[in-house]
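Fold and contact review
Here is how the chains run, residue by residue.
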Amino acid sequence: MSVLPLVFTSGWASGINAYAVVLLLGLLGATGVTDEVPAALQRPDVLTVAAVLFVCEAVADKIPYVDSVWDAVHTVIRPIAGGVVAALLAGHNGSLPELAAGAVGGSTALLSHLVKAGTRIAVNTSPEPASNIVLSLLEDLGAAGIIVFAVFHPVIAAVVAALLLAAGITVVVLLWSRIRRHLRRRRQRREARRTAAAPAGDAVPPAG
């Protein structure tokens, strides 16, 4: 079970920024900082693709509404990445079955991704972009920092990741009413624009 804390932490971080997790773990392994990283994550082609996608995410994640679209696309990608990374870590260490590790990493990544996506929807209710940029930077730094920390102190990092996950779920639950109001207003604005754009005498029936 010694690899479980690292598996859990990498899963949480993958739900925030999967490309940063792959890139950081690969670099830490390739530079000899740790021998816990499997060779598959240290391959130059994997590191190159992860670096390019990390830059793309760093840009998209700081633009209001674009970040939510990016999150929607990554609802599948981040949990899969978290599961694959976890399975590779477990397979390399051999102390936890790969299937179980993949389930832990993937489910943790899904939960943290849903927290991130829900928080972004709430933040996008604010008209100014500064909050998106600040939140994105905090997420990137937090995911990167906890991965590096987990390599040296996996148990403490896993506890921190669990606390952050629990706090994030609590915040999303508290903000859910605000998120629903925002989504309802957006739907009403779209309906109003469709009604205004319709030809005279051609009424658009209300949705639902």
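Preceding block: the structure.
Residues numbered from 1 in each chain as written. Predicted model: local features only at pLDDT ≥ 70, side-chain atom pairs only at ≥ 80, totals over all residues. Heavy atoms only, no water.

Digging into the overall build of the chain
If you tally the helices and strands in the chain, you get 6 helices and 0 strands. Counting across all 208 residues of the chain, residues that qualify as buried make up 41%. Contacts in the chain between residues at least 24 apart in sequence constitute 73% of all its contacts with a sequence separation of at least 6. Surface summary for the chain: the accessible area is close to 10500 Å², and the carbon and sulfur share equals 74%. (Helix = DSSP H or I, 4+ residues; strand = E, 2+ residues; numbered from the N terminus. Buried < 20%, exposed > 50% of the residue type's maximum accessible area, 1.4 Å probe, protein only. Contact = heavy atoms within 4.5 Å. Areas by Shrake-Rupley, 256 points an atom, 1.4 Å probe, with all protein chains shown as cover.)

What to know about the packing of helix α4 (residues 98-123) against helix α5 (residues 130-152)
Packing of α4 against α5 brings their axes to within 10 Å, and their N-to-C directions diverge by 160 degrees. The pairing of α4 with α5 is recorded here as roughly antiparallel in orientation. Crossing angle aside, the handedness with which α4 passes α5 is right-handed. Contact residues: α4 offers Lys116, Thr119, Arg120 and Val123, while α5 offers Ser131, Asn132, Leu135, Ser136 and Glu139. In the contact of α4 with α5, the residues fall into 2 nonpolar, 4 polar and 3 charged. (Axes fitted to C-alpha atoms, helices over the stretch in contact; angles between N-to-C directions. Parallel < 35°, antiparallel > 145°, perpendicular 65-115°, else oblique. Left-handed = near helix turned anticlockwise from the far one by under 90°. Nonpolar A, V, L, I, M, F, W, Y, C, P; charged D, E, K, R; others polar.)

Points about a positive patch on the surface
A cluster of like positive charges, contributed by Arg178, Arg180, Arg181, Arg184, Arg185, Arg187, Arg189, Arg190, Arg193 and Arg194, occupies part of the molecular surface. Here Arg190 lies in helix α6 (residues 154-197). (Patch = residues over 30% accessible without salt bridge, like charges linked within 9 Å, V, L, I, M, F, W, Y side chains within 5 Å. Salt bridge = Lys/Arg side-chain N within 4 Å of Asp/Glu carboxyl O. Lys, Arg positive; Asp, Glu negative; His and termini not counted. Charge placed at Lys NZ, Arg CZ, Asp CG, Glu CD.)

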